[in-house]
Amino acid sequence: MVSGSIFQYRKSSWPPEEYVNRATLELLDSDSSAPPKHAWRRKLNSHASILKEFSVTFMEAIKMVRLGIRLWSYVREEASQGRKAPIDPFTRVSCKPSASLGVPLGGMGSGSISRGFRGEFRNFQIVPGTCDTSPIMANQFSIFISRDGGSKKYASVLSPGQHENLGQSSYDGLSSWGWNLSGQHSTYHALFPRAWTIYDGEPDPELKVSCRQISPFIPHNYQDSSLPTTVFVYTLVNTGKERAKVSLLFTWANSIGGISHLSGDHVNEPFIAEDGVSGVLLHHKTSKGNHPVTFAIAACETQNVSVTVLPSFGLSEGSNPTAKAMWGKMAQDGYFDRDNFDAGPTMPSSPGETRCAAISASAWVEPHGKCTMAFSLAWSSPKVKFRKGKSYHRRYTKYYGTSERAALNLVHDALTNYKQWEEEIERWQNPILNNERLPEWYKFTLFNELYFLVAGGTVWIDSALPAADSVSDHPQTSKVVKSINDAVAESTKNNGSGITMEDGSTGDVESTHTGCSDEDDSVKSQGEEKEDYIKYPFHKNNIDDVGRFLYLEGVEYIMWCTYDVHFYASFALLELFPKIELSIQRDFANAVLFEDKRKVKFLSEGNWGIRKVKGAIPHDLGTHDPWHEMNAYNIHDTSKWKDLNPKFVLQVYRDFAATGDLSFGADVWPAVCAAMEYMEQFDRDNDCLIENDGFPDQTYDAWTVHGVSAYCGCLWVAALQATAAMALQLGDNFAAEKYKIKFLKAKSVLEEKLWNGSYFNYDSGSSSNSKSIQADQLAGQWYTASSALPNLFDDIKIQSSLQKIYDFNVMKVRGGRMGAVNGMHPNGKVDDCCMQSREVWTGVTYAAAATMIYAGMEEQAFTTAEGIFYAGWSEDGFGYAFQTPEGWTMDGHFRSLTYMRPLAIWGMQWALSLPKVILDAPHVNIMDRIQLSHQIAQLHHAETGVRKIAEKGTFFSNSVFQWNDILDLQSVSEVPVLPSLDFHYFNRTTIA
């Protein structure tokens, strides 16, 4: 799909007039029916190329052969238990990925369905961790038009061309429908969470049709954004001289994707609701013990629009009626019988039978007249179940109850509230869209990358607990919580305050429940060893209760809230849904001091270890039992990774600084101290700087690091400064002084060992790539600037490093039209020591661009990020729109589609428009406020850290910060929120 023009021609504007006739735009220019000025656009007859996946080189395959064998064995073992391994490179989906996706449907966390830009519904993610990519061909919008006199008639599915799926036996009967739309004069315009499809005289040359798709993704609206529903608003404009009778048909199969429609026992039921809303409920009985799902398709009847339904039709010849008969009825009459509303529920479908439903909206459109018809789709799956047995109520049930029949209320409210949703969406988006200083590609790509928060397998649960599920109802859990609380309340000796969690001191622990349903409380996974599993208590904070939120690393890497990647993606949540972001950080903070001693085999080396080590940030919150069985990732032992703990500290401080939430800071401060103390074991030579251990011990988990590294070293130095700053703001002066000393020493050592005069070397080792230019070498500086802390290094060094990245990693790769390659040798050749060093990572490119913005290098920043747009999103690119992968190779072959990290583009927006709480902070260098005492300077030379702490079995040994002081902080007037922040970065004029 890549043409040479991607590297030669630079297009900067995509006005709608290039895609839609200007006269048509004028006719539609009311009620938001015309496409927006800024949007991602495609013609419906655009070719949807099959995407090409990356492959490893021969040498890479040789190096990974043992890992491959162990991984294959693990995948088979999981499959034997009815589970999918979190990483499975051996199983291929039946439907090859193609460049065909568009804006997904619904809000966050209740399952999602994607819709291709040509109109097909696909990528069903109703069951957590599963994604059925094949389109369900019975799910369509169609149009039937007849004009006065009946001389002109049109009947067409509103999706262009023939589809290969129509040849499948399960779709018998659909071939009789009118698949005759060419798509030549029809276009798609995407600006998440809305999308417009304009049929400019297709199939009737005298009828202009606009379909507007609206989903309730509304920043800071934590209720509507959880709703599993979407509205389709059709605007019809008759440019002919004759009246036109127009009927729109919405058909839907009783299916949750794949071949689930063939499993049987599915029931359809017509309904009539208030305010003219009517439609059909499709009750779906799921397999494999998953909870049932009910779909609702509906339309709104008005004075001019009549709505009728067909509760059931089938795709096979034996059905009554058949898909062919249904189509014939609509082509002849344009509506169904009104008596169908009285039909009641259908008989359950038989195995092998496909049960579908249809709803029609019909109206006469006068010559030069206009008509609007509104449809809605909703799906109600109130309980979400994970493979190891636990079930939770989804977040939307807080507002709609736990019945599957809530789908009826969801479509009703969607049809009556969508205009308000649009007003809120436009208020959010317009300041950015109307900013003339921002490049056009950036404006719509910024919003469209948010697709992942819907289509990234998100699960949002309601954390209100039934009394039977409270922690105190579990004797052993109560014992542990009491032990924890006692430890928290009692400060440790030597001016320390912390938690003493000796191995075995907490006894055995039953699962702490978080919104679990009673019926699943007794379900335990096979081989669960309760005596080795210490659970952290549920954090009860009812002030800003937003439930609990999960999203996948990617649809191919099935791990919830992968933390090293969330580091990049979290800017989107912090900007748009900060309460969710703080909730995720609390989850990881609660996990720091707990451990899970169950044995795990790490597949890279074949060695064994424990699932969760005390003091280490978990890699993820799990796969099949999230929150209760963390670290689903088992390639490496991530308790030895060098980036996770510093990333936790940096994210916590950024969130603390951005929100000004003192209670959040107080809650997570013990975890920050524990995370930092844990890392001291990796300072092998006591120079205050951690070292890597000669294996891929960070997010680049195939890229080996030796000694001091630019990536982890910079993160660590930044974390030291952030910890000192946070300690000062929370009143822990002893810790502030301690970490300031460490910061100053570590910074000096890092510069001494890695700075080569123009950039920081990849690592301090002697390998062939130790002097490589890493695109992500200033990740710590990125977060430092994002939190308005003082620069880690001199401005000259920061700008020199970024310029080197721009000149080499960006501009030497296809003229800057690919993004930033991860590794580049100083001679201008791509570092090909491993597959990750030679890849372009989309999220890392956005992060590098954000760092450039902070350094005053806006032109380089947007050129760098623009490469991701051209390669991934443009018409001449590789075709990764709405499925942005983790990365691609030099020839554009993807690895891991629909990935979390590209949300880092919101890190650019964060850099362009800092939150008010940061902007209003005093312009003072916070590190200058930390005065070093003689006592702390002496203690710095004493043995501290995990090596000593491990012997005592306690954390926070050097802190004078008392836990009770934290709890009382809000009542201490002399400790203000964010008393000082450095702002020498932000005295310039920002773009937004």
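The structure we're discussing is the one just above.
What you see is a predicted model; the values in this text were computed from it and never measured. (Residues numbered from 1 in each chain as written. Predicted model: local features only at pLDDT ≥ 70, side-chain atom pairs only at ≥ 80, totals over all residues. Heavy atoms only, no water.)

**Notes on the overall build of the chain**
Right, so step 1: What the chain contains, in helices and strands, is 24 helices and 29 strands.
Right, so step 2: Out of the 992 residues belonging to the chain, those deemed buried represent 66%.
Right, so step 3: Contacts spanning at least 24 positions in sequence make up 73% of the contacts within the chain whose residues lie at least 6 apart. (Helix = DSSP H or I, 4+ residues; strand = E, 2+ residues; numbered from the N terminus. Buried < 20%, exposed > 50% of the residue type's maximum accessible area, 1.4 Å probe, protein only. Contact = heavy atoms within 4.5 Å.)

**With respect to the pattern of salt bridges**
Right, so step 1: One pass over the structure, following the stated rule, counts 39 salt bridges.
Right, so step 2: Here R212 and E422 are joined by a salt bridge, their closest N and O atoms 2.7 Å apart. Note that R212 is positioned in strand β8 (residues 207-214) and E422 in helix α6 (residues 406-433), a separation of 210 residues in sequence.
Right, so step 3: A residue is classified by how much of its surface remains accessible, and E422, at 4% relative accessible area, is buried.
Right, so step 4: The shortest N-O distance in the salt bridge between K329 and D333 comes to 2.8 Å. Here K329 and its partner D333 are both found in helix α4 (residues 323-333), 4 residues apart, which amounts to about one turn of the helix. (Salt bridge = Lys/Arg side-chain N within 4 Å of Asp/Glu carboxyl O.)

**Considerations on the sheet that holds strand β28 (residues 887-888)**
In any sheet, the strands associate via hydrogen bonds between backbone groups, in a parallel or an antiparallel arrangement.
Right, so step 1: Strands sit in the order β27-β28-β29 across an open sheet of 3 strands; the sheet is antiparallel. The strands lining the two open edges of the sheet, one partner per strand, are β27 (840-841) and β29 (894-895).
Right, so step 2: The pairing of β28 with β29 spans 2 bridges and is classified as antiparallel. Paired with W888 across the two strands is F894, which belongs to β29. (Pairing = 2+ DSSP bridges.)

**Considerations on the packing of aromatic side chains**
Right, so step 1: With the rule as written, the count across this model stands at 68 aromatic pairs.
Right, so step 2: Taking the centre distance of 5.4 Å and the plane angle of 85° together, the rings of W40 and F882 count as edge-to-face. With W40 in strand β1 (residues 40-43) and F882 in the loop between α19 (858-873) and β28, this pair connects stretches of sequence that are 842 residues apart. Of the two residues, W40 and F882, neither departs from the other in class, the shared state being buried.
Right, so step 3: Centroid distance F549 to Y551: 6.0 Å. Interplanar angle 50°. Geometry classified as tilted. No difference in accessibility class separates F549 from Y551, as the two residues are buried.
Right, so step 4: Joined through ring pairs, the aromatic side chains of W40, F117, Y188, Y451, F452, W460, F549, Y551, W873 and F882 make up one cluster. (Phe/Tyr/Trp six-rings, centres within 6.5 Å; stacked < 30°, edge-to-face > 60°.)

**As for the side chain of D224**
Right, so step 1: You can see D224 is positioned in the loop between β8 and β9 (229-238).
Right, so step 2: For D224, which is buried and forms no salt bridge, the nearest opposite charge comes from R427, at a distance of 9.8 Å.
Right, so step 3: Apart from the residues lying within four places of it in its own chain, the contact partners of D224 are P216, I218 and W421. (Lys, Arg positive; Asp, Glu negative; His and termini not counted.)

**A few points about the sheet that holds strand β14 (residues 306-314)**
Right, so step 1: Taken in spatial order, the 5 strands line up as β5-β4-β10-β15-β14 in an open sheet, and their pairing is antiparallel. At either margin of the open sheet sits one strand with a lone partner, and together these are β5 (153-157) and β14. The sheet shows a mean angle of 15° between the axes of neighbouring strands, direction not considered.
Right, so step 2: Strand direction decides the pairing type here: strand β10 (residues 244-253) and strand β15 (residues 355-365), joined by 10 bridges, are antiparallel. Looking at the pairing, A253 lines up with C356 of β15.
Right, so step 3: On the sheet, α4 packs against β4 (140-147), β5, β10, β14 and β15 and is oriented at approximately 160° with respect to β10. (Axes fitted to C-alpha atoms, helices over the stretch in contact; angles between N-to-C directions.)

**Some words on the environment of T372**
Right, so step 1: Of note, T372 is situated in strand β16 (residues 370-380).
Right, so step 2: Here T372 falls in the partly exposed class, since its relative accessible area comes to 37%.
Right, so step 3: When the C-alpha positions of T372 and V305 are compared, they lie 8.3 Å apart, and in sequence the two are 67 residues distant.

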